[in-house]
Amino acid sequence: MLLTVCVLLLLVSPTLGAPLSRPQAKPRNKVLLVSFDGFRWDYDRDVDTPNLDTMAQDGVKATYVTPPYLTITSPAHFTLLTGRYIESHGVIHNIWFNTTTQEKKQYYMTQFVDEYWDNGSLPIWITAQRQGLKAGSLHFPGTAATYKGQRVEVNQVEPRFYDYSNETEWQINIDTVMGSWFSQKDLDFVSLYFGEPDQAGHTYGPDSEERREMVKQVDRTVGYIRSTAKKHGLTDRLNIIITADHGMTTVLRKGLVKEIILSQIPGFSFRDIKFHLVDYGPSGMMLPKEGMLDKVYKALKGAHPNLHVYKKEDMPGRLHYSNHPRILPLILYADPGYVINGLFPVQNSKGEHGFDNQAMDMKPFFRAVGPDFRKNLVVGPFETVNVYPLMCHLLGITPDPNNGSLDATRNMLVSHKDTGTHEVSKRSAQSNVFIGLAAVAGFLVVIFIMVISIYKRRKDNQSNIGQLSSENKDKEEVARKQTSL
Ligand SMILES: *[C@@H]1O[C@H](CO)[C@@H](O)[C@H](O)[C@H]1NC(C)=O
Ligand SMILES: *[C@@H]1O[C@H](CO)[C@@H](O)[C@H](O)[C@H]1NC(C)=O
Ligand SMILES: *[C@@H]1O[C@H](CO)[C@@H](O)[C@H](O)[C@H]1NC(C)=O
Ligand SMILES: *[C@@H]1O[C@H](CO)[C@@H](O)[C@H](O)[C@H]1NC(C)=O
Ligand SMILES: [Zn+2]
């Protein structure tokens with residue numbers, strides 16, 4: 001009889017074991033982070049944007065997002081990549097500078113100054129690569145630099161004089177990312193940058209027809225991104241996040257307003273300044289000569305009703321733009337619409353950014369679509385420091401210390417607890433449990449019949465069988481705990 005029990009057990013246990021085993025670990029979905037430089041949150045309001053509208057129906061749209069201060073390109077993009085405020089990641093300006101030699105490097109050349117970018121914060125590419133994932137970046141600010149000896153492995157840096165507006169180029173770049181990088185090279189994460197509608201906003205102003213035309217080009221490109229993903233069979237495996245670094249506002253010119261011209265402020269002289277960064281939109285920084293800080297500060301403070309002047313340590317804490325050695329002792333910023341001129345007005349942009357990140361015109365847009373995102377959901381605003389922990393979560397990697405939180409975006413995800421495939425795995429887990437329970441029940445019936453028959457013959461075999469069935473109860477208990485995670 002004992003032999004019969006053993007044979008029965010052997011027959012039953014494989015069917016028991018298989019359905020009760022843990023459902024397969026979910027495959028990791030890929031993430032594409034796209035930035036359209038200077039795409040203000042409301043740019044879709046005065047233009048037909050069928051592709052952005054479809055994307056919103058298929059995914060998540062935030063009313064707007066709040067960028068870090070200073071609201072300019074390199075610093076704000078590095079916040080997207082690190083989840084840190086600018087004072088914590090150290091890329092404090094588009095311009096690299098040396099206050100001793102007076103040397104300045106403009107946006108493009110600053111890309112190649114490794115020490116400028118590699119200031120103690122790792123962008124998500126490096127964090128992902130360190131944790132065994134494959135990352136790529138195309139034209140995204142920070143792509144060219146080496147971080148702690150590592151660079152984003154698959155990368156494309158634009159040539160020196162690149163036409164950031166050419167739609168054909170955009171499509172070629174998208175083909176590269178979808179076809180070569182995600183499909184063939186099987187990358188897990190890619191960041192992709194487009195230099196518009198920033199340029200159109202600067203050159204013609206955010207309320208211009210040219211800007212609206214460029215938003216149409218962006219919209220066509222969003223459609224192209226999604227159709228190309230589909231063509232390569234990526235739709236169900238790729239989460240796409242589309243956002244920007246900052247917004248744009250119209251510059252108010254002479255005749256409309258009293259312009260800010262520092263050289264005309266009584267008591268202020270550039271002779272008291274060792275190094276300065278002005279004539280760069282609405283923000284400026286200064287290093288006064290030895291012993292001149294208070295004199296310069298007193299001259300500038302209150303000199304113009306739309307000019308804000310702070311000693312570094314007094315900067316409003318909410319801006320998180322103070323606590324870094326690269327930030328100069330005196331910080332200037334203007335109200336929306338105003339730019340800070342040095343000797344005389346040399347800036348001719350019709351649109352600008354760099355203003356207080358509380359100004360609505362500085363807020364970028366945010367859209368997301370993919371297997372891990374809910375559909376047709378509009379969420380409230382959040383800070384862009386939170387994009388980094390969201391991407392880390394989607395990729396299943398451990399984030400580096402940062403200023404964001406997954407709590408800000410968790411409600412966008414298919415399930416609040418884990419991500420995308422949760423519903424699927426829950427369903428299969430439920431059926432697994434059902435099959436498991438049925439098998440256990442069947443097994444118990446067999447045991448019961450056997451117990452009865454054994455009991456009739458020999459009482460002393462009972463204890464063995466009792467042990468066996470309680471063992472299976474334990475198994476079932478463990479299985480249930482595993483599947484209901
Ligand atoms: C600036 O230049 C000086 C003199 O060449 C040099 O000693 C210093 O390290 C430089 N600082 C930075 C931030 O590059
Ligand atoms: C960051 O940059 C500052 C100023 O250039 C420098 O003093 C500091 O050592 C750098 N920190 C790291 C971790 O690279
Ligand atoms: C745009 O880029 C394509 C592909 O590089 C090129 O053939 C075309 O001449 C460019 N168009 C303009 C207007 O520069
Ligand atoms: C931002 O994060 C960095 C790194 O964890 C931390 O050192 C810094 O104190 C944080 N800043 C704020 C305002 O919490
Ligand atoms: Zn920008």
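Residues numbered from 1 in each chain as written. Chains lettered and ligands numbered in written order. Predicted model: local features only at pLDDT ≥ 70, side-chain atom pairs only at ≥ 80, totals over all residues.

- If you look the protein up in an unreviewed UniProt entry, it shows as Ectonucleotide pyrophosphatase/phosphodiesterase family member 7-like from Albula goreensis.

1. So, the nonpolar core
- The biggest cluster of nonpolar side chains holds 103 residues, and the ones touching the most others in it are Val34, Phe189, Val190, Ile240 and Met391.
- The biggest single contributor to this core is helix H12 (residues 387-395), with seven residues.
- Ignoring sequence-local partners within four residues, the contact set of Val34 consists of Leu192, Ile225, Ile240, Ile241 and Ile242. (Core = buried A, V, L, I, M, F, W, Y, C linked by C-beta atoms within 7 Å. Buried ≥ 20, exposed ≤ 12 C-beta atoms within 10 Å, placed from the backbone. Helix = DSSP H or I, 4+ residues; strand = E, 2+ residues; numbered from the N terminus. Contact = placed C-beta atoms within 7 Å.)

2. Concerning the site of ligand 3
- Around ligand 3, the surrounding shell consists of Asp163, Asn166, Thr168 and Glu169.
- Partitioning the shell around ligand 3 into residue classes produces no nonpolar, two polar and two charged. (Near = placed C-beta within 6 Å. Nonpolar A, V, L, I, M, F, W, Y, C, P; charged D, E, K, R; others polar.)

3. Thoughts on the pairing of strand S12 (residues 273-280)
- Of the strand pairs in this sheet, S12 and strand S13 (residues 283-288) are connected by five bridges, and their pairing is antiparallel. Within S13, the position partnered with Tyr280 by the bridge is Ser283.
- The antiparallel pairing of S12 with S13 creates a hairpin that spans two residues between the two strands, and Gly281 there sits at a positive phi of about 70°. (Pairing = 2+ DSSP bridges.)

4. Points about the sheet that holds strand S6 (residues 135-138)
- Strand order in the open sheet made by the eight strands is S7-S6-S8-S1-S9-S18-S2-S19, with mixed pairing throughout. Each edge of the open sheet carries a strand with a single partner, namely strand S7 (154-156) and strand S19 (377-379). Neighbouring strand axes in the sheet, compared pairwise and without regard to direction, differ in orientation by 10° on average.
- In the sheet, strand S1 (residues 30-36) pairs with strand S8 (residues 189-194) via six bridges, with the strands oriented parallel. From the neighbouring strand, Val31 faces S8, where its bridge partner is Phe189.
- Across the sheet, helix H2 (residues 50-58) is in contact with strand S2 (60-62) and strand S18 (366-369); its angle to S18 comes to roughly 60°. (Axes fitted to C-alpha atoms, helices over the stretch in contact; angles between N-to-C directions.)

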